[in-house]
Amino acid sequence: MIPAKFEYIKASSVSEALSLLNKHGDEAQLLSGGHSLIPAIKLRLNQPKMVVDIGKIPGLDNISEEGNNIVIGANCTHHQIATSSVVQGGVNVLAQTAKEIGDIQVRNKGTIGGSLAHADPAADYPAVILASGAKIEVEGSGGKRTIDATDFFMGIFETALEDNEMIIAIHIPKSSGGVYLKFSQPASRFAVVGCAAIKNDNGVSIGLTGVADCAYRASAVESAYNGDAKAAAAHAVDGIEVMSDNFASSEYRAHLAKVYTERALNALA
Amino acid sequence: MSNYIGQSIKRREDDRFITGKGKYTDDIVLPKMTHLAFVRSPYAHAKINSIDTKAALAHPGVVAVYTGEDCGNFGVPCGWQVNFKNGDTMKEPTHPLLAVGKAKHVGENVVAIIAETLQDARDAAELVEVDYEELPAVTNPNAAIQPGAPQVHDDIPNNVVFDFALGNPKEEVDAAIDGANHVTKLDFKNQRLAPNAIEPRSYIADYDVTVDKYTLYTSTQNPHLIRLLMCAFVLGLPEHKVRVISHDVGGGFGSKIYHYTEEALVTWASKQIGRPIKWTSDRSEAFLTDAHGRDYVTTAEMGFDNNGKIVAFRVHSDANLGAYLSTFSTACPTYLHATLAQGCYTTPLINIDVTATFTNTNPVDAYRGAGRPEMTYMIEHLMDTAALEMKIDPVELRKINFIPAFDGVNQPGYQTQVALQYDSGDYHATLDRALEMVGYDQFRKDQEEARKNGKLLGIGFSTYIEACGIAPSAVVGSLGARAGLYESAHVRVQPTGSVSVFTGSHSHGQGHETSYAQFVADTLGIPMENVDIIHGDTNEVAFGMGTYGSRSLAVGGSAIMKSLDKILEKGAKIAAHKLEAAVEDLEYAEGKWTVKGTDKSIAFGDVSLTAYVPHDYPEGLEPGLDFSSFYDPANFTYPFGTHIAIVEIDKDTGKVTLKRFIACDDVGNVINPMIVEGQIHGGVAQGVGQALLEGVDYDENGQMITGSFMDYAMPRADDFPFFETDRKVTPCPHNPLGVKGAGEAGAIGSTPAVANAVMDAISHLGIKDIQMPITSERVWKAMNS
Ligand SMILES: Cc1cc2nc3c(=O)[nH]c(=O)nc-3n(C[C@H](O)[C@H](O)[C@H](O)COP(=O)(O)OP(=O)(O)OC[C@H]3O[C@@H](n4cnc5c(N)ncnc54)[C@H](O)[C@@H]3O)c2cc1C
């Protein structure tokens, strides 16, 4: 568990971090909470030449209310999100989800920006981020832009972030009711299936994680839902290529996706 | 008088453990110490065409690089010889310190890199180029013996290590099964487990050229045996030139009994480079190379008469021993396993047949329970299954078949069909108590009610017996052990009356520094603070066989008792002299000798001072108060008990939740109830882990797909309810403390209780069995097929 050598630089601003990324390209990687990056480096599965620590950049760990949105800085830890009264008041489901992540150590260090950028197909946040219709604020050398959650997750560990872009904040519309239910993988406790259901003006929106190579909005469920949770949940994996691993075959995982969607819909109703 | 025995005295060692002050091998830093990293085989089976170490050697900080060619003549031995049924010696391939010619499992050591820092060693390891030619691999013990299977060792046909049988003649057993009124037959897979001690293996070897001596610091359960095996069978060193030290050890569960290749390699290499060398396993290496446990594929049948009495028990197993024979691997599926086939029952005919095989997997050896959990799982799972099939209550079925109570004193021990003679037991007692604790009648009502409401509740039983403190040496020797299984103890009374106890057993979580001090202090009638327990250093302790198989108190404790007897016997002579009385007129209590019927007495400390300042002293008596003893037990000890699990199953997902777990164990006399309870709790957690969560899986190429805590499901506190435990006491009749051993009982008894509870919850749906680990998916599939 000894990493290959790398250079470590602590960035003091977003612009410093971005210029380092620009200068060193593929060789440099951002570090926030380190709870995904460092294990990979220790196992030498990932061997960056330079690690740019953005963990202490001022202003990236704020949580605030902006109109109808809750804005969460990329460096906010899971613990911060779980215990923030602003988050609990505006999108309680996100606070509840944060509580389900890993253990205390992970929640104290791991960040929402790191989790979203890492895009583990079994991570918890993406289900809620999708269901809530959040937008991800990113910044690159070309300036700032926002990405819709539905466009953000693209595959296993793959996002819409450009090479030299970083996440600045997540903008989440407030919602009055939402649930996140997960069936944990017994070893890692990541989601085998995690279902977020959130009430919106048109009914409900559903985000599913753990099921496919990346989290997705279960629109087929949303449009089918008219109060009959079981019938709607039957569409949970429509058009989805369901993953298979040592803990859940695709058949079982698809079944769990339906069960958890049904349970989430029932819990919401 | 007893001040300490039977008290839950807090463990003295915990002070240093929970404040981070323990001294583990990796904490030790020696001057000029170098660090070793391995290049390990990424293939389960591959020919090594060539190894290019030039770039690694040129890397800054690298001190030496070794391949199998450099140390190819050494091999670590197996410690137990089991012969084929026809008398031929088992097949024992050389287990080289570094692979020679072929790599035979993923993770096998191929190249050793020694450097100034661990960083240098690891970096240089990446520069080694090994030209492998991948070969087909075999990982399943049953597949390994089929014609045409890949050959792990070119010179060992069909991958068979040995075949083995124990019990009554096969024809008689076959006939009884054929003629039985009912036969319950199950196929079992006792899956492979990773022991996962929290402290990974760690070794430091330090060769001192000035005196031509070696010191090996090692995280082992067994320092003297490591020294014996390494000196006599691997490196050919005289033992007086080698000191083995194992300070604090963070758990072993069996995996640190064995002599590993890495231990011998660092010791050998330390002399080559003339500097100390440290190697500490990381967690990934631990998953790949710490000896695994279990891994049997079995078919077992139990025949019953029309009253539910067992008429015969027949088993055939293929046991996977991995690519090489680890120290006690061969004893596990044979003498530690087949000998337990009697269970607690009066089964008149038993035959156990085992084929042990090589595969392209990490070596398998004893893991908490060692052969006994596997057998207990079969017997107890068959019992509950048979009860369901015959529509007899599982409790009733046990009561019909139990061996009647016997204390081993007024009633003789119970002679089994499989070599052992049980010492004492009262199987009804723990069962009755456990039934009371669980509220059995009420549970059956709750269960029926729950079923009406669409909920799946189940109860499972396990009335286990186990065999600890394996002995006597002559018997185990005749069964193939290449070591004795006695224990040594040296008690040194210091002149001022404090006591140093040197024991050959070894504590790595068991709390010996506390429980031993309790009975020593009580026996001598002195304060516990005056007693020190010393273990884990071959220079301090004369000899020892280490700790495993729940042997420490029963064997090691008894050796200490022998030395204490000698101390008190000699002390009485000195006391008699000082008190001007006859030895026969003295009594010893509360730390002093008193002339019976008088108030004339002399304290233990005054006697010990006299022994070392022998001015006014019995004629002809040697000075000093210091005795060594060796204790070779007359028999094993046989703890037993009843475990009951209650589970609930989510019928939508198949997820099993353990709702309650009741354990009533009888481990003989108890010195420290808290420590015993802790052992039971930990053991139960591991046993439930096997039932529901754990399992090492290799894919068809022999790649381990469960090589991290993200992929290998270790049980966690929130997987369990609080365990409800109680005890019965049937003293061991043949050792001075009357103790039986508590280290493995939890792991042996619990697994079948949980598996049985699952089946009790769902068998009414027409499900016959589910293999372990009983994962949600397996339950769901069974309910939906
Ligand atoms: C034991 C353990 C258990 C866990 N259990 C769970 C669980 O149950 N559920 C779950 O969802 N997760 C779990 N995690 C993952 C955890 O949530 C991580 O914290 C998270 O995935 C990554 O966040 P981080 O801040 O640690 O990111 P880091 O590890 O620092 O970085 C991760 C990746 O994101 C990039 N990155 C970081 N910040 C930014 C940014 N602002 N912009 C662009 N890229 C960025 C990094 O370059 C890196 O590639 C677990 C982790 C561990 C170690």
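Residues numbered from 1 in each chain as written. Chains lettered and ligands numbered in written order. Predicted model: local features only at pLDDT ≥ 70, side-chain atom pairs only at ≥ 80, totals over all residues. Heavy atoms only, no water.

So, the overall build of chain B
Right, on to step 1. Across its full length, chain B holds 19 helices and 28 strands.
Right, on to step 2. For chain B, whose C-alpha radius of gyration is 27 Å, the value lies close to the compact-globule estimate of 28 Å for 785 residues.
Right, on to step 3. Its C-alpha atoms put chain B at 85 × 75 × 50 Å along the principal axes.
Right, on to step 4. Relative to its full complement of 785 residues, chain B shows a buried share of 63%.
Right, on to step 5. Within chain B, counting contacts between residues at least 6 apart in sequence, those at least 24 apart form 80% of the total.
Right, on to step 6. Total accessible area on chain B is roughly 27,300 Å²; 50% of this is exposed by carbon and sulfur atoms.
Right, on to step 7. For chain B, the distance from the average position of its 65 positive side-chain charges to the average position of its 100 negative side-chain charges is 1 Å. (Helix = DSSP H or I, 4+ residues; strand = E, 2+ residues; numbered from the N terminus. Rg over C-alpha atoms; globule rule 2.2 N^0.38 Å. Buried < 20%, exposed > 50% of the residue type's maximum accessible area, 1.4 Å probe, protein only. Contact = heavy atoms within 4.5 Å. Areas by Shrake-Rupley, 256 points an atom, 1.4 Å probe, with all protein chains shown as cover. Lys, Arg positive; Asp, Glu negative; His and termini not counted. Charge placed at Lys NZ, Arg CZ, Asp CG, Glu CD.)

Some remarks on the interface of chain A and chain B
Right, on to step 1. With 26 residues of chain A at the contact, the number on the chain B side is 29 residues.
Right, on to step 2. For the chain A and chain B pair, buried surface summed over both sides reaches about 2,200 Å², with 50% attributable to carbon and sulfur atoms.
Right, on to step 3. Ranking the residues of chain A by area buried against chain B places M1, R189 and Y252 of chain A at the top, with a combined share of 25%.
Right, on to step 4. The tally of links from chain A across to chain B stands at 6 salt bridges.
Right, on to step 5. A salt bridge links D650 of chain B to R263 of chain A, with the nearest nitrogen and oxygen atoms 2.9 Å apart.
Right, on to step 6. Along the contact surface separating chain A from chain B lie 14 residue pairs in polar contact (both at pLDDT 80 or more). (Buried area = accessible area lost by both parts, 1.4 Å probe. Salt bridge = Lys/Arg side-chain N within 4 Å of Asp/Glu carboxyl O. Polar contact = N/O pair within 3.5 Å; in protein donor to acceptor, adjacent residues only side chain to side chain.)

Focus: the sheet that holds strand β11 (residues 242-245) of chain B
All names here are of chain B.
Right, on to step 1. Ordered by their spatial adjacency, 7 strands build an open sheet running β3-β5-β1-β12-β9-β10-β11, and the pairing between neighbours is mixed. Two strands close off the open sheet at either side, each with one partner strand: β3 (62-67) and β11. Sheet twist, expressed as the mean angle between neighbouring strand axes with direction ignored, is 20°.
Right, on to step 2. With 2 bridges connecting them, strand β1 (residues 34-40) and strand β12 (residues 277-280) associate as parallel partners. From the neighbouring strand, H35 faces β12, where its bridge partner is K278.
Right, on to step 3. The sheet strands contacting helix α3 (residues 118-125) are β1, β3 and β5 (109-115), and the helix crosses β1 at an angle near 25°.
Right, on to step 4. Sitting on the sheet, helix α6 (residues 223-235) touches β10 (213-218) and β11, and the angle it makes with β11 is about 145°. (Pairing = 2+ DSSP bridges. Axes fitted to C-alpha atoms, helices over the stretch in contact; angles between N-to-C directions.)

With respect to the site of the ligand
All names here are of chain A.
Right, on to step 1. Residues in close proximity to the ligand total 28 residues, the closest being L30, G34, H35, L37 and T111.
Right, on to step 2. The separation between an oxygen atom of the ligand and a polar main-chain atom of H35 is 2.7 Å.
Right, on to step 3. Taking 970 Å² as the accessible area of the ligand by itself, protein coverage stands at 89%.
Right, on to step 4. Only β2 (28-31), α7 (112-118) and β10 (166-173) provide two or more residues apiece to the shell around the ligand.
Right, on to step 5. Broken down by element, the residue count for the shell around the ligand peaks at 4 residues, all from α7. (Near = heavy atom within 4 Å.)

Concerning the pattern of salt bridges
Residues and elements named next belong to chain A.
Right, on to step 1. With the rule as written, the count across this model stands at 54 salt bridges over all chains.
Right, on to step 2. Two residues, E165 and R145, come together in a salt bridge whose shortest N-O distance is 2.7 Å. Of the two residues, E165 is situated in the loop between β9 (158-159) and β10 and R145 in strand β7 (residues 143-148); the sequence distance between them amounts to 20 residues.
Right, on to step 3. Using a relative accessible area of 32% as the deciding quantity, one classes R145 as partly exposed.

Details of the side chain of N351 of chain B
All names here are of chain B.
Right, on to step 1. With respect to the element layout, N351 can be found in strand β15 (residues 350-357).
Right, on to step 2. Among the polar contacts made by the side chain of N351, one reaches the main-chain carbonyl oxygen of N168 at a distance of 2.9 Å.
Right, on to step 3. The contact partners of N351, leaving out residues within four places of it in the chain, are L166, N168, P169, K170, V173, F313, R314 and V315.

Considering the packing of helix α17 (residues 673-693) of chain B against helix α18 (residues 745-762) of chain B
Residue and element names in this part refer to chain B.
Right, on to step 1. Viewed as axis vectors pointing N to C, α17 and α18 meet at an angle of 40°, and their least axial separation amounts to 7 Å. Here α17 is positioned oblique relative to α18, judged by the angle of their axes. Relative to α18, α17 is oriented so that their crossing is right-handed. The segment α17 lies against α18, with I680, G683, V684, G687, V688, Q690, A691 and L692 engaging A745, G746, A747, S750, T751, V754 and V758. (Parallel < 35°, antiparallel > 145°, perpendicular 65-115°, else oblique. Left-handed = near helix turned anticlockwise from the far one by under 90°.)

With respect to empty space enclosed by the protein
Residues and elements named next belong to chain B.
Right, on to step 1. Applying the stated criterion to the full structure yields 6 cavities of 30 Å³ or more.
Right, on to step 2. Considering only enclosed or pocket space, the largest cavity measures out at about 230 Å³ in volume.
Right, on to step 3. Together, 25 residues line the largest cavity, and H95, Y260, T261, T289 and P363 are the ones closest to its centre.
Right, on to step 4. Its residues placed into classes, the lining of the largest cavity shows 11 nonpolar, 10 polar and 4 charged. (1 Å grid on protein atoms, 1.4 Å probe; cavity = no way out; pocket = protein on both sides within 12 Å on 5 of 7 lines; lining within 4 Å. Points joined across faces, edges and corners; volume = space filled by probe spheres on them. Nonpolar A, V, L, I, M, F, W, Y, C, P; charged D, E, K, R; others polar.)

Some thoughts on α6 of chain B
Residues and elements named next belong to chain B.
Right, on to step 1. Of all the 13 residues making up α6, 10 are buried; the element is thus mostly covered by neighbouring parts of the structure.
Right, on to step 2. Among the residues of α6, P223, H224, L225, I226, R227, L229, M230, C231, V234 and L235 are the ones counted as buried.
Right, on to step 3. Against the buried residues of α6 lie β10, β11 and α7 (261-273).
Right, on to step 4. G236 lies just past α6 and shows a positive phi near 65°.

Examining the packing of aromatic side chains
Right, on to step 1. Here the structure, examined in full by the defined rule, presents 34 aromatic pairs over all chains.
Right, on to step 2. What links up through ring pairs into an aromatic cluster is the set Y345, F402, F406, Y414, Y422, Y427, F636, Y638 and F640 of chain B.
Right, on to step 3. The lysine or arginine in question, R263 of chain A, covers the ring of Y260 of chain A, its NZ or CZ lying 5.5 Å from the ring centre.
Right, on to step 4. The lysine or arginine in question, R201 of chain B, covers the ring of Y260 of chain B, its NZ or CZ lying 3.7 Å from the ring centre. (Phe/Tyr/Trp six-rings, centres within 6.5 Å; stacked < 30°, edge-to-face > 60°. Lys NZ or Arg CZ within 6 Å of the ring centre and 35° of its normal.)

As for the environment of S750 of chain B
All names here are of chain B.
Right, on to step 1. By the element assignment, S750 lies in helix α18.
Right, on to step 2. The sequence separation of S750 and G460 amounts to 290 residues, and the corresponding C-alpha distance is 9.6 Å.
Right, on to step 3. Apart from the residues lying within four places of it in its own chain, the contact partners of S750 are H643, F661, G683, V684, G687 and V688.

Things to note about unusual backbone geometry
A negative phi angle is the norm for most residues apart from glycine, just as the trans form is the norm for most peptide bonds.
All names here are of chain B.
Right, on to step 1. Note the cis peptide between A471 and P472, where omega equals -10°.
Right, on to step 2. Among the secondary structure elements, P472 is positioned in the loop between β18 (456-465) and α13 (473-478).
Right, on to step 3. Cis geometry is found at the peptide bond from M772 to P773, where omega equals -10°.
Right, on to step 4. Phi at A370 is positive, roughly 45°, even though this residue is not glycine.
Right, on to step 5. The topology assignment puts A370 in the loop between β15 and α9 (372-390).
Right, on to step 6. Accessibility expressed as a relative area gives 4% for A370, which makes it buried.

Looking at the domain arrangement of chain A
Residue and element names in this part refer to chain A.
Right, on to step 1. The domains assigned to chain A are domain 1 (7-53), domain 2 (63-173) and domain 3 (178-268).
Right, on to step 2. Taking the mean C-alpha position of each, domain 1 and domain 2 sit 19 Å from one another.
Right, on to step 3. Across the domain 1 to domain 2 interface the summed buried area is about 1,000 Å²; carbon plus sulfur atoms make up 66%.
Right, on to step 4. The interface formed by domain 1 and domain 2 includes 0 salt bridges.
Right, on to step 5. Our count for the domain 1 to domain 2 interface comes out at 2 residue pairs in polar contact (both at pLDDT 80 or more).
Right, on to step 6. For the side of domain 1 that touches domain 2, the element with the most residues is helix α1 (residues 14-24), which contributes 5 residues.
Right, on to step 7. Taken together, the residues that form the side of domain 1 that touches domain 2 break down as 5 nonpolar, 6 polar and no charged. (Domains from an automatic or database assignment.)

Topic: the environment of K256 of chain B
Residue and element names in this part refer to chain B.
Right, on to step 1. On the secondary structure map, K256 appears in the loop between β11 and α7.
Right, on to step 2. The buried category is assigned to K256, whose relative accessible area is 3%.
Right, on to step 3. Separated by 292 residues in the primary sequence, K256 and Y548 have C-alpha atoms spaced 9.3 Å apart.
Right, on to step 4. In this view, K256 contacts A197, E199, P200, R201, S219, T220, Q221, N222, V249, G250 and G251; residues no more than four positions away in its chain are not counted.
Right, on to step 5. A distance of 2.7 Å separates a polar atom in the side chain of K256 from the backbone oxygen of E199.
Right, on to step 6. Within the local environment of K256, its side chain forms a polar contact with the backbone oxygen of G251, the two atoms lying 2.7 Å apart.

Observations regarding helix α12 (residues 250-268) of chain A
Right, on to step 1. In this model, α12 of chain A (19 residues) spans 26 Å end to end at C-alpha, consistent with the 27 Å of a helix rising 1.5 Å per residue.
Right, on to step 2. In this structure, the buried residues of α12 of chain A make contact with β11 (178-184), β12 (191-200), β13 (203-209), α10 (219-224) and α11 (229-233) of chain A together with α19 (776-783) of chain B. (Expected span 1.5 Å × (residues − 1).)

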